[in-house]
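# Secondary and tertiary structure notes
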Amino acid sequence: MGKCKLAVIGFGQRGYDYAEMIAKTPAAELTALCDTDPKRAETFARELGLEAVPRYGSLEELLKKGDFDAAILTTPDFMHRDCAVACCNAKKSIMLEKPMAPTAAECREIIRACLDNQCTIQIGFVLRSHPVFRRVIEVARSGVLGQILNIFATEHIGVMHGASYMRRWHRKLANSGGFILAKCSHDLDIIATVADSHVRRVASFGSLDYFTTDKLRYNYCSECPDANCRYRFKGEFVRMTPEEKANPSAKPFDLCVYNKDKELVDHEVVILDFANGIKANFALNLFAQVPKRTINICGVNGILYADTSEECIHIHYSDGRGYERIDCKADNTSGHGGSDQTFLNDFIDCVVHHRKPQADYMAGLASTVVGNAVEEARLTNKVIEIPEEAYRL
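The sections below set out a description of the structure shown in this document. In this text the structure is predicted, and so the values were computed from the model without any measurement. (Residues numbered from 1 in each chain as written. Predicted model: local features only at pLDDT ≥ 70, side-chain atom pairs only at ≥ 80, totals over all residues. Heavy atoms only, no water.)

### Thoughts on the pairing of strand E4 (residues 70–73)
Going by this rule: Accessibility here uses a 1.4 Å probe with only protein chains present; expressed as a share of the type maximum, an area under 20% marks a residue as buried, one over 50% as exposed, and anything in between as partly exposed. Under the scheme used here, helices are H or I runs from DSSP no shorter than 4 residues and strands are E runs no shorter than 2 residues, and both carry numbers assigned from the N terminus. Here, the term right-handed applies to a crossover whose path from the first strand over the helix to the second runs clockwise when the strands point away from the viewer.
Neither face of E4 is left uncovered, since the one carrying Ala70 and Ile72 and the one carrying Ala71 and Leu73 both have all their residues buried. Each parallel crossover has a hand, and for E4 linked through helix H4 (residues 80–89) to strand E5 (residues 93–96) it is right-handed.

### Thoughts on the sheet that holds strand E10 (residues 279–288)
Sheets are built from strands paired through backbone hydrogen bonds, the pairs being either parallel or antiparallel. Inclusion rule: When DSSP finds two or more bridges between two strands, those strands count as paired.
If you trace the 9 strands from one edge of the open sheet to the other, you get E14-E13-E12-E11-E7-E10-E9-E8-E15, paired in mixed fashion. Strands with a single pairing partner mark the edges of an open sheet, and in this sheet they are strand E14 (323–327) and strand E15 (384–385). Examined bridge by bridge, strand E7 (residues 148–158) and strand E11 (residues 292–299) share 8 bridges and lie antiparallel to one another. The residue of E11 that forms the bridge with Ile151 is Ile297.

### What about the side chain of His186?
Defined as follows: In what follows, residue pairs with any heavy atoms lying within 4.5 Å of each other are defined as contacts.
Looking at the secondary structure, you find His186 in helix H9 (residues 179–195). For His186, a relative accessible area of 2% gives the class buried. Excluding anything up to four places from it in sequence, His186 contacts Lys98, Gly124, Phe125, Val126, Leu127, Arg293 and His336.

### A few points about the side chain of Arg167
Our working rule: Two residue types count as positive, namely Lys and Arg, and two as negative, namely Asp and Glu; His and chain ends fall outside the count. Salt bridges are defined as contacts in which a side-chain nitrogen from Lys or Arg sits within 4 Å of a carboxyl oxygen from Asp or Glu.
By secondary structure assignment, the location of Arg167 is in the loop between helix H7 (159–164) and helix H8 (173–176). Buried and without a salt bridge, Arg167 has Glu236 as its closest oppositely charged side chain, separated by 5.5 Å. In this structure Arg167 touches Met160, Cys221, Tyr231, Phe233, Pro252, Phe253, Asp254, Leu255 and Val257, once residues within four positions along its chain are discounted.

### As for a nonpolar patch on the surface
This is how the line gets drawn: Residues form patches when they are more than 30% accessible in relative terms and have no salt bridge. Like charges link within 9 Å. Nonpolar side chains (Val, Leu, Ile, Met, Phe, Trp, Tyr) link within 5 Å. Calculation of accessible area relied on Shrake-Rupley with a 1.4 Å probe; when residues are assessed, cover is drawn exclusively from the protein chains displayed.
Residues Phe205, Val269 and Ile271 make up a contiguous nonpolar surface patch of roughly 260 Å² in combined accessible area. Within the secondary structure, Phe205 sits in strand E8 (residues 199–207). A residue is classified by how much of its surface remains accessible, and Phe205, at 48% relative accessible area, is partly exposed.

### Remarks on the pattern of salt bridges
For the structure shown, the criterion picks out 34 salt bridges. For the salt bridge of Lys251 with Glu244, the shortest nitrogen-to-oxygen distance reads 3.5 Å. Residue classification places Lys251 among the partly exposed residues on the basis of a relative accessible area of 43%. Here Asp307 and Lys292 are joined by a salt bridge, their closest N and O atoms 3.2 Å apart. One end of the pair, Asp307, is in strand E12 (residues 302–307); the other, Lys292, is in strand E11, with 15 residues separating them in the sequence. With a relative accessible area of 26%, Lys292 lands in the partly exposed category. A single network of salt bridges, built from pairs that share partners, joins Asp37, Arg40, Glu244 and Lys251.

### Focus on the packing of helix H5 (residues 104–117) against helix H12 (residues 361–380)
What describes two packed helices is the angle between their axes and the distance between those same axes. Keep this limit in mind: Interaxial angles span 0 to 180 degrees and are taken between N-to-C directions of axes, which are lines fitted to C-alpha atoms, for helices over the stretch in contact. Put simply, angles under 35 degrees are roughly parallel, angles over 145 are roughly antiparallel, angles from 65 to 115 are roughly perpendicular, and the rest are oblique. As a working rule, the residues Ala, Val, Leu, Ile, Met, Phe, Trp, Tyr, Cys and Pro are called nonpolar, Asp, Glu, Lys and Arg charged, and the rest polar, with Gly in that last group.
Direction vectors running N to C along H5 and H12 enclose 170°, while the axes themselves pass 9 Å from each other. By the criterion of interaxial angle, the relationship of H5 to H12 is roughly antiparallel. Contact residues: H5 offers Ala104, Cys107, Arg108, Ile111, Cys114 and Leu115, while H12 offers Tyr361, Met362, Gly364, Leu365, Thr368, Val369 and Asn372. Partitioned by chemical class, the residues of the contact of H5 with H12 number 9 nonpolar, 3 polar and 1 charged.

### Concerning unusual backbone geometry
Look at the link from Lys98 to Pro99: it is a cis peptide, with omega at -15°. Along the chain, Pro99 turns up in the loop between E5 and H5. Phi is positive for Gln118, close to 55°, though the residue is something other than glycine. Secondary-structure assignment places Gln118 in the loop between H5 and strand E6 (121–123). A relative accessible area of 76% places Gln118 in the exposed class. The phi dihedral of His336 is positive, around 55°, even though this residue is not glycine. Its location among the elements puts His336 in the loop between E14 and helix H11 (339–353).

### Brief notes about helix H2 (residues 38–47)
The α-helix advances 3.6 residues per turn, and as a result positions three or four apart in sequence lie on the same side. We count it as follows: Within 3.5 Å is the distance limit for a polar contact, defined as a pair of N or O atoms, with the added protein rule that one can donate a hydrogen and the other accept it, and that residues adjacent in sequence qualify only through two side-chain atoms.
Those residues of H2 that fall on the buried side of the exposure criterion are Arg40, Ala41, Thr43, Phe44 and Ala45. Buried positions along H2 lie against helix H1 (13–23), strand E2 (28–34), strand E3 (55–56) and helix H10 (242–246). N-cap assignment for H2: the residue whose side-chain oxygen lies 3.1 Å from the backbone N of Lys39 is Asp37. Positive backbone phi, at 70°, marks Gly49, one or two positions downstream of H2.

Printed below as a string of structure tokens:
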């Protein structure tokens, strides 16, 4: 069989990264780029040396005229359902960026379209391919820790990365379903995969206690005279054309992080109770000098600790075996410690060989179900029960 023909839908930061990877992947051919902003598409295609790749200004045009086997869908979260359903109805397989969709109802619409049209859908939980977490899951499933009782996980987001959420489209709940779902659905998926069970109860405590509006002095960084502001916008975590760089407030990219137009938290702690008895918690931090994720798994025969910045796993056994260190070196040839390229390769293999992805639509649904419950628990200050049927179609 020839190369897998791929389209990228949504040519922003994440779409740019995937287009660059596809162009360097021997098993794939980038045959279409789709974005509603023709100028952005033209500029980014030129930057990547992809001027010859056909470009389309709408999904409808792409599906009507484009020549591709599958699509990488990197649009904003609130557009996932409509784009994914349209692709499935056109008999196209998709890799859908996480989260699958902001609501479980939207996830089910995508799944129905997928099943009706026999399409392959891989959800963008790239952490499953991360060298550290891939090994963590193997160890947890091997049984060497004995019965697992507790899981403790954290995500420490770098200072400017965390601040970027305060000014991007994620800042509105209707667009994202909440910070935990939008950013940390990766982590919910990893915790559930380690637990090998489904969450039955959720509690969450989160609030906006630092990026508060009382600190607001100017609406946009380009208006503000404070050149030494820690959060001054310098183009981080957003891909811009020269025109957008010249006038960042037009989007607005350089919205002050203390703006009044946001509904996000800036720190949150989540407690999860799994059906098999495992208890877990997850903490979100936006102010890390060194971005990293950590996970502790506490079993009756030992405790595992892993840190992505260390690129290794520590296991302290309590059954006489002592200490074990497992190195998990990332290749860093692509994002997320090399996970992006591995994940892309896996998707191509699934499309070509009609194989079920490791991060399938049921994993996407489960993560959104839990993410929705987390946000409900935070807003209502209640423990939210998740019935088993919530995880079914």
